[in-house]
Amino acid sequence: MAFCKWVSSIFLFFVLFPLPISSSHLSSEELRQLPLKFLHFAEKQELFDWMVGIRRKLHENPELGFKEFETSKLIRTELEKMGINYKYPVAETGVVGFIGTGSAPFVALRADMDALDIQESVEWEHKSKIPGKMHACGHDAHVAMLLGAAKILKEHSHDLQGTVVLVFQPAEEGGGGAKRIVEAGVLENVSAIFGLHVSPRFPVGSVASRAGPVTAANGFFEAVISGKGGHAAIPQHTIDPILAASNVIVSLQHLISREADPLDSQVVTVAKFQGGGAFNVIPDSVTIGGTFRAYTKESFVQLRQRIVEVITRQASVQRCNATVIFDESKNPFYPVSVNDNDLHEHLKKVAGQMFGAKNLKEMKPTMGAEDFAFYQEVIPGFFFFLGMEDKTKGTFESGHSPFYRVNEDVLPHGAALHAALALTYIAENQPASPSSSSKGSSHDEL
């Protein structure tokens, strides 16, 4: 239903304000030169400064998942200035725009836009103004780059023989915003989707990815272990939940070291331990929490089951009770992110033309998780990493660090690569020419 309303609004827009049907057809040589042309366009000082300004505004005002109201407002304002039509709200705070003819082929570009519950420790002019919140994973840069790509594509819309869908997605950091975007139905006609992430692991000017699995399936768990509190000097009159929780944590690690196949990558990490408030009081209960990850559905399901069994049974050994919680409404399980083989070849060709083949890095799978996987479950998708390491500018910390920084030199790279991937994909995946008897409006698809 949501998709139908979106389609109807687009149809009315085209009826009331029809766009000229583009007659531009790029030659194979023009397509080959396009990535470098877009890179030079993105590196123009005016566009670069504009993207830097967007990124810094977002960095100063970080917003958490599904609360990105001001972020969405900024995005909508910029799209309106460019004359780009959009739908809002999608998945509460998301924005979905489109550029092109309104007809097939449809290709999507995605940027996540939420921040993290982290107090920024980087002292600079544009430090976060919101206490306890920070863009510590580069999503501010992702939004700036996708807006930059929108500018490039709008400038070259006469070359678009299809439609580019711009997905500004909320709540990647655990909220599963991509799942909500899919459920909203706005990607039903999309035949491919691309997403990127800045990374300090690779040199600036390089692109890293791989075909097949690239990020792991991920889930979160929490457990409350209950005993009987009392004075620390007389532990025989208590049932100590801290001791039980400690045994639980050690036993959970045995799931990986003694039950998992060493060639089947899996992770169980307990990263939360809350209990007690005094040095001489044994508490009534302890809360622990963490994450589990795997690369196959079978391993993921097995880990989930064994986590419950280990926690409840180890707690029982220590005379405690335990309740294990998987709150999928708040933190949905993320599936494995699997990159499409054909789109991998497309990325290698376009990125190679832009940065040179020597700057394409074949990466190993990572145990990190990415809700981009929800898109890849329903349409072919490709997720890649954009290098930003530059030793002349100091150390760039990994994501989720309070000392996280973005190398803003990568903004033109991401904007140009987004735009080039989309336009060349559309040019190379044109639908079969309709027969004369079925010719009609170029917007019949919508």
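See the structure printed just above.
Basis of the calculations
Residues numbered from 1 in each chain as written. Predicted model: local features only at pLDDT ≥ 70, side-chain atom pairs only at ≥ 80, totals over all residues. Heavy atoms only, no water. Helix = DSSP H or I, 4+ residues; strand = E, 2+ residues; numbered from the N terminus. Rg over C-alpha atoms; globule rule 2.2 N^0.38 Å. Buried < 20%, exposed > 50% of the residue type's maximum accessible area, 1.4 Å probe, protein only. Contact = heavy atoms within 4.5 Å. Areas by Shrake-Rupley, 256 points an atom, 1.4 Å probe, with all protein chains shown as cover. Lys, Arg positive; Asp, Glu negative; His and termini not counted. Charge placed at Lys NZ, Arg CZ, Asp CG, Glu CD. Polar contact = N/O pair within 3.5 Å; in protein donor to acceptor, adjacent residues only side chain to side chain. Pairing = 2+ DSSP bridges. Axes fitted to C-alpha atoms, helices over the stretch in contact; angles between N-to-C directions. Expected span 1.5 Å × (residues − 1). Core = buried A, V, L, I, M, F, W, Y, C linked by side-chain atoms within 4.5 Å. Salt bridge = Lys/Arg side-chain N within 4 Å of Asp/Glu carboxyl O.

1. Let's talk about the overall build of the chain
So, point 1. Check the secondary structure of the chain and you find eleven helices and 16 strands.
So, point 2. On C-alpha atoms alone, the chain measures out to a radius of gyration of 25 Å, which is about the 22 Å that the 2.2 N^0.38 rule sets for 446 residues.
So, point 3. Each of the three principal axes of the chain carries a C-alpha extent, and together these read 85 × 50 × 40 Å.
So, point 4. Across the 446 residues that make up the chain, the buried fraction comes to 53%.
So, point 5. Partitioning the intrachain contacts of the chain with sequence separation of at least 6 by distance along the chain shows that 82% fall at a separation of at least 24.
So, point 6. Accessible surface computed for the chain: about 19900 Å², of which carbon and sulfur atoms make up 53%.
So, point 7. When the 41 basic and 50 acidic side-chain charges of the chain are each reduced to a single mean position, those positions are 2 Å apart.

2. Let's talk about the side chain of Ser103
So, point 1. The topology assignment puts Ser103 in the loop between strand E2 (94–100) and strand E3 (106–112).
So, point 2. For Ser103, a relative accessible area of 13% translates into the label buried.
So, point 3. Of the polar contacts made by the side chain of Ser103, one reaches the side chain of Thr101; its length is 2.7 Å.

3. As for the sheet that holds strand E16 (residues 381–389)
So, point 1. Read across the sheet, eight strands follow the order E1-E2-E4-E3-E5-E16-E6-E15 without closing on themselves; strand pairing throughout is mixed. Both outer strands of the open sheet, strand E1 (85–90) and strand E15 (360–362), are each paired with one neighbouring strand and no more. Strand-to-strand twist across the sheet, computed as the mean angle between neighbouring axes with direction ignored, equals 25°.
So, point 2. Pairing between strand E6 (residues 207–209) and E16: two bridges, direction antiparallel. Each residue of the ladder has a partner; that of Ala208, found in E16, is Phe385.

4. Digging into the sheet that holds strand E10 (residues 266–274)
So, point 1. A sheet is described by the order of its strands in space; here four strands give the open sequence E10-E12-E8-E13, paired in antiparallel fashion. The strands lining the two open edges of the sheet, one partner per strand, are E10 and strand E13 (321–325). Each neighbouring strand pair of the sheet contributes to a mean axis angle of 20°, computed without reference to strand direction.
So, point 2. The sheet contact formed by strand E8 (residues 217–226) and strand E12 (residues 285–294) spans ten bridges and is antiparallel. Of the residues in E12, the one forming a bridge with Ala217 is Ala294.
So, point 3. Taken strand by strand, helix H7 (residues 241–259) contacts E8, E10 and E12, and its axis lies near 165° from that of E10.
So, point 4. Sitting on the sheet, helix H8 (residues 297–317) is in contact with E8, E10, E12 and E13, with an inclination near 160° to E12.

5. Details of helix H11 (residues 411–428)
So, point 1. Look at H11: 26 Å from first C-alpha to last across 18 residues, which is about the 26 Å you get at 1.5 Å a residue.
So, point 2. Counting buried positions along H11 gives 16 out of 18 residues, so the element sits mostly inside the fold.

6. With respect to the pairing of E16
So, point 1. With eight of its nine residues buried, E16 lies for the most part within the structure.
So, point 2. Pairing of strand E5 (residues 190–203) with E16, which is carried by eight bridges, proceeds in the parallel orientation. Along E16, the bridge assignment pairs Leu196 with Phe384.

7. Concerning the side chain of Arg55
So, point 1. Its place among the elements puts Arg55 in helix H3 (residues 45–60).
So, point 2. Here Arg55 falls in the buried class, since its relative accessible area comes to 2%.
So, point 3. Residues within four places of Arg55 in sequence aside, it is in contact with Trp124, Asp140, Ala141, Ala144, Val406, Glu408 and Leu411.

8. Observations regarding the nonpolar core
So, point 1. Membership of the largest hydrophobic core comes to 71 residues, with the highest contact counts inside it found for Leu79, Leu147, Val164, Leu166, Phe168 and Leu417.
So, point 2. Ranked by residues supplied to this core, first place goes to H11 with eleven residues.
So, point 3. Apart from the residues lying within four places of it in its own chain, the contact partners of Leu79 are Ile84, Tyr86, Val95, Leu147, Leu166 and Phe168.
So, point 4. If you look at the next biggest cluster of nonpolar residues, it comprises 29 residues, including Ala315, Cys320, Val324 and Phe326.

9. A word on helix H9 (residues 341–355)
So, point 1. Over its 15 residues, H9 extends 21 Å from the first C-alpha to the last, a length consistent with the 21 Å expected when each residue adds 1.5 Å.
So, point 2. Turning to H9, its buried residues number three or more, namely Leu343, His344, His346, Leu347, Val350, Ala351, Gly352, Met354 and Phe355.
So, point 3. Where H9 is buried, its residues contact helix H2 (28–42), E5, E6, E15, E16 and H11.
So, point 4. Capping the start of H9 is the job of one residue whose side-chain oxygen sits 3.0 Å from the backbone nitrogen of Asp342: Asp340.
So, point 5. A positive phi of about 95° marks Gly356, the residue just after H9.

10. A short note on the pattern of salt bridges
So, point 1. In total, this model carries 18 salt bridges according to the counting rule given.
So, point 2. As a salt-bridge pair, Glu123 and Lys127 come within 2.7 Å of each other at their nearest N and O atoms.
So, point 3. Its relative accessible area of 64% is what places Glu123 among the exposed residues.
So, point 4. Glu345 is the salt-bridge partner of Lys348, the closest N and O atoms lying 3.4 Å from each other. One end of the pair is Lys348 and the other is Glu345, both in helix H9 and three residues apart, which spans about a single turn.
So, point 5. A residue is classified by how much of its surface remains accessible, and Lys348, at 35% relative accessible area, is partly exposed.
So, point 6. Assessed through its relative accessible area of 45%, Glu345 is described here as partly exposed.
So, point 7. Bridged by salt links that share partners, the residues Arg55, Arg56, Asp140 and Glu408 form one connected network.

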